[in-house]
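Analysis of the macromolecular model
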Amino acid sequence: MKKWMNRLAVSLVIPALIVTVTGCQSGGTSANAPIQNRIIKAGIGLNEDHPQAQGLRKFKEIVDAKSNGKLKVQPYYSAQLGDDLKMTEALKAGLQEITIPSTSPLVGTVKEFGIFDFPYLFNDPKEADAILDGPVGKKILDKLPEHGLIGLGYWENGFRNLTNSKHPVAQAADFRGLKIRTLQTKVHIDVFKALGANPTPMPFSEVFSALESKTVDGQENPLPTIESNKFNEVQPYLSLTEHVYTPFVFLVSKKFWDRLSEEEKKILQEAAVEAGKFQREANRAQVEKSLANLKAKGMKVNEFPDEEKKKVKETIQPILDRYAKEFGPDLFEELNRELQKVRGQ
Ligand code: TK8
């Protein structure tokens, strides 16, 4: 063989060998490359006692086992890496690999997440699971990649209850005049305004000091969050409004995801779903315990009767109709069809 042909053959073979051995060209990984040693920074907003953190540790445990320790999940709690919005932006930029925010602050990225801000959408966790794990939940996750995000599934934040420092909220009219911290979603801002309250959206990490300094009168969150953040220390009244079910969404940076092999993606996807089941159960078990603990710590707890929930729904219906149009009537109709199936109607 002529010398030039030898040189050409060598120049073609060596790079191909390098790609096969290391399994990655510059920046990328071939689909069937072996599992690489990777550091995966996973930040959440709640503290290490919360079921969200328990779920993240379960995720880490599963990924560690399935990757023989090569995929190293590093949990960061209590918004150490920033609040939901900041961490979501970090994922888009490829500066952080995983975060698990409430869906509400994502409305600015994918507006359809806003349907989960609708008060009294779900009657119980079973309905929430059916919608989130079904075609409607998937359709919304499928809108994330164009924004630099991959959604691997939904975990549970839960049914939200109102706390405040002024008075019990035992009827729809009692919301009037209350300065309430809300999630950063226009749906909640409009809903609380329609109820006569003064909504103030802010990141979760600022809530305790805003309550303590009386910048706001109240806030609303699921019971495990109220307990684990010691809101009882600055909020005498707890009203069991259960007005919204908020999901968490398990997000991965697309910049990071696109560098993974099929095997590595499968490990993260399976772990997110398995840990999500564990986290939902842990959160539901915690709700009753947190209620008992908050009562024992002296919170004045009141029920919110069904007829008052009905009045709230009637008051805010025009707002929900407007948002249903904005978020997509087809999606909303599909959600209602799915709900009727779950309810056996
Ligand atoms: C934590 C938040 C929080 C949410 C809120 O990252 O902001 O009130 O309910 O749990 O996602």
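Residues numbered from 1 in each chain as written. Predicted model: local features only at pLDDT ≥ 70, side-chain atom pairs only at ≥ 80, totals over all residues. Heavy atoms only, no water.

1. Some words on helix α12 (residues 329-342)
Basically, it comes down to this: Working definition: helices are DSSP H or I runs of at least four residues, strands are E runs of at least two. Numbering for both runs from the N terminus. An expected span of 1.5 Å times one less than the residue number is assigned to each helix. Buried means the residue's accessible area, taken with a 1.4 Å probe over protein chains only, is under 20% of the maximum for its type, while exposed means over 50%, and partly exposed covers the values in between. The arc in question is the one traced by the directions running from the helix axis out to the C-beta atoms. Note on contacts: a residue pair is in contact if any heavy atoms of the two residues lie within 4.5 Å.
A rise of 1.5 Å per residue sets the reference length of α12, with its 14 residues, at 20 Å; its end C-alpha atoms lie 20 Å apart and thus fit the reference within 8%. Within α12, burial applies to Leu331, Phe332, Glu334, Leu335, Glu338 and Leu339. The buried residues of α12 occupy one face: seen down the axis, they fall within an arc of 160°. Every exposed residue of α12 that faces more than 90 degrees away from the buried side is listed here: Asp330 and Lys341. Those residues of α12 hidden inside the fold are in contact with α4 (125-132), α5 (135-141) and α11 (306-327). After α12 finishes, the residue Gly344 shows a positive phi value of roughly 70°.

2. Observations concerning the sheet that holds strand β4 (residues 149-159)
Hydrogen bonding along the main chain pairs the strands of a sheet, whether they run parallel or antiparallel. Our working definition: Pairing between two strands requires that DSSP report at least two bridges joining them. Helix axes use the C-alpha atoms of the stretch in contact, all axes being lines fitted to C-alpha atoms, and the angles between their N-to-C directions lie in the range 0 to 180 degrees.
One open sheet holds the five strands; their spatial order is β2-β1-β3-β10-β4, and the pairing between them is mixed. In this open sheet, the two edge strands, each paired with only one partner strand, are β2 (71-76) and β4. Where helix α2 (residues 51-66) meets the sheet, its contacts fall on β1 (38-43), β2, β3 (98-99), β4 and β10 (245-253), and the angle it forms with β2 comes to roughly 170°. Each of β1, β2, β4 and β10 touches helix α10 (residues 262-296); the most contacted strand, β4, lies at about 5° to it.

3. Some points on the nonpolar core
Within soluble globular proteins, side chains that are nonpolar generally end up buried alongside one another. Counted only if it meets this: As used here, the term nonpolar core means buried Ala, Val, Leu, Ile, Met, Phe, Trp, Tyr and Cys residues forming a set that is joined through side-chain atoms within 4.5 Å. What fixes the domain bounds is an automatic or database domain assignment.
Core analysis: the largest hydrophobic core is formed by 47 residues, its most contacted members being Phe113, Ile115, Phe116, Phe122, Ile140 and Phe175. Among the secondary structure elements, those contributing two or more residues to this core are α4, α5, β4, α6 (186-194), β10, α11 and α12. At seven residues, α11 tops the list of elements feeding residues into this core. Residue-level mapping places this core at the junction of two domains, with at least three residues from each of domain 1 (35-157 + 246-288) and domain 2 (161-245 + 297-342). Excluding residues that lie within four positions of it along the chain, Phe113 makes contacts with Thr103, Leu106, Val107, Ile140, Leu141, Leu144, Tyr154 and Val249.

4. Description of the domain arrangement of the protein
What counts, and what does not: Take the accessible area each of two parts loses on contact, using a 1.4 Å probe, and add the two losses: that sum is the buried area. By salt bridge we mean one thing: a side-chain nitrogen of Lys or Arg within 4 Å of a carboxyl oxygen of Asp or Glu. Counting of polar contacts relies on pairs of N or O atoms within 3.5 Å, with two restrictions inside protein: one atom must be capable of donating a hydrogen and the other of accepting it, and residues adjacent in sequence are counted only when both atoms are side-chain atoms. Asp, Glu, Lys and Arg are counted as charged, while Ala, Val, Leu, Ile, Met, Phe, Trp, Tyr, Cys and Pro are counted as nonpolar; the rest, among them Gly, fall into the polar class.
Partitioning the protein into structural domains gives domain 1 (35-157 + 246-288) and domain 2 (161-245 + 297-342). A C-alpha centroid distance of 23 Å is found between domain 1 and domain 2. Listed per partner, the contact involves 42 residues of domain 1 and 40 residues of domain 2. Of all residues in domain 1, Phe118, Pro119 and Tyr120 bury the most surface against domain 2, accounting for 22% of the area lost on that side. Seen at the junction of domain 1 and domain 2, the total is one salt bridge. Between Glu334 and Lys139 there is a salt bridge, with its nearest N and O atoms 2.7 Å apart. The interface formed by domain 1 and domain 2 includes 11 residue pairs in polar contact (both at pLDDT 80 or more). Among the secondary structure elements, those contributing two or more residues to the side of domain 1 that touches domain 2 are α4, α5, β4, β10 and α10. Broken down by element, the residue count for the side of domain 1 that touches domain 2 peaks at seven residues, all from α4. The residue inventory of the side of domain 1 that touches domain 2, partitioned by class, reads 22 nonpolar, 10 polar and 10 charged.

5. Digging into the packing of aromatic side chains
Operational definition: The rule is short: rings of Phe, Tyr and Trp, with Trp giving its six-membered ring, pair when the centres are within 6.5 Å, and they are stacked under 30 degrees, edge-to-face over 60, tilted in between. Put simply, a charge is over a ring when the Lys NZ or the Arg CZ is close to the ring centre, within 6 Å, and near the line of the ring normal, within 35 degrees.
For the structure on display, the rule yields 12 aromatic pairs. With a centroid separation of 5.9 Å and an interplanar angle of 75°, the aromatic rings of Phe122 and Tyr245 are classed as edge-to-face. Placement of the pair is Phe122 in the loop between β3 and α4 and Tyr245 in strand β10, with a sequence separation of 123 residues. Like Tyr245, Phe122 is buried. Every member of this aromatic cluster is reached through a ring pair, and the members are Phe118, Tyr323, Phe327 and Phe332. Over the face of the ring belonging to Phe278 we find Lys58, whose NZ or CZ atom lies 4.9 Å from the ring centre.

6. Things to note about the site of the ligand
Put simply, the rule reads: Whether a residue is near a molecule or strand depends on its heavy atoms: it is near if one of them lies within 4 Å of it. Using the Shrake-Rupley algorithm and a 1.4 Å probe, accessible areas are obtained, with residue cover drawn only from the displayed protein chains.
Around the ligand, the neighbouring residues are Gly45, Leu46, Asp84, Ser102, Asn157, Arg160, Arg181, Leu183, Phe204, Asn221 and Phe248. Contact distances for the ligand include 2.6 Å between an oxygen atom and a side-chain N or O atom of Asp84. The contact in question runs from an oxygen atom of the ligand to an N or O atom on the side chain of Arg160, over 3.0 Å. In isolation the ligand offers 300 Å² of accessible surface; the protein chains occlude 98% of this area. For the shell around the ligand, the per-class residue count stands at four nonpolar, four polar and three charged. Of the domains in this structure, domain 1 (35-157 + 246-288) and domain 2 (161-245 + 297-342) are the two that each give at least three residues to the shell around the ligand.

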